[in-house]
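# Geometric and topological summary
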Amino acid sequence: MNLSEIEPKEIMPGYHGKLVHGERMSWVFWDVEKDAEVPEHQHDHEQIMHVVEGAFEFTLNGEKDTYGPGDVVIIPSNAPHSGKALTACKLMDIFSPVREEYR
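Structure report, in brief. None of these values were measured; they are calculated from a predicted model. (Residues numbered from 1 in each chain as written. Predicted model: local features only at pLDDT ≥ 70, side-chain atom pairs only at ≥ 80, totals over all residues. Heavy atoms only, no water.)

What the four strands build is an open sheet, ordered E4-E9-E6-E7; its pairing is antiparallel. Of all the strands in the sheet, the pair left with one neighbour each is strand E4 (37–41) and strand E7 (63–67). For this sheet the average axis-to-axis angle between neighbouring strands, irrespective of direction, equals 15°. Here E4 runs beside strand E9 (residues 81–85); their pairing, made up of three bridges, is antiparallel. Bridging across to E9, Glu37 finds its partner in Lys84. (Pairing = 2+ DSSP bridges. Helix = DSSP H or I, 4+ residues; strand = E, 2+ residues; numbered from the N terminus. Axes fitted to C-alpha atoms, helices over the stretch in contact; angles between N-to-C directions.)

Below you can see the structure in the form of structure tokens.
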């Protein structure tokens, strides 16, 4: 498969993801619009977020920070987290197990 052949899905307002699913994980390539927000939430999935481009404000367990290109955040299972794109961003997320609701 090639990412150029995957149609993006708007999973939440301003978050356009190209989704790749394996047997035990999901990998999402996000194009995020400036000012798009993810409200605080938590899930059973472990998550690793990588900022490819842009500035992304992210809060994990009540601690807020701003992340940029090359930054990686490990989000444990059931940890409350939220985010906001301070600029247009490109992000990658890996989830384990598979995010069935993203299929």
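Moving on to the packing of aromatic side chains. The tally for this structure, following the rule as stated, stands at six aromatic pairs. Both rings, one in Trp27 and one in Phe29, keep their centres 4.6 Å apart while their planes meet at 45°; by these two values the pair is tilted. Given the relative accessible area of 37%, Trp27 is considered partly exposed. One aromatic cluster is present, formed by Tyr15, Trp30, Phe95 and Tyr102 through successive ring pairs. Here Arg99 stacks its cationic end above the ring of Phe95, 4.8 Å away from the centre of that ring. (Phe/Tyr/Trp six-rings, centres within 6.5 Å; stacked < 30°, edge-to-face > 60°. Buried < 20%, exposed > 50% of the residue type's maximum accessible area, 1.4 Å probe, protein only. Lys NZ or Arg CZ within 6 Å of the ring centre and 35° of its normal.)

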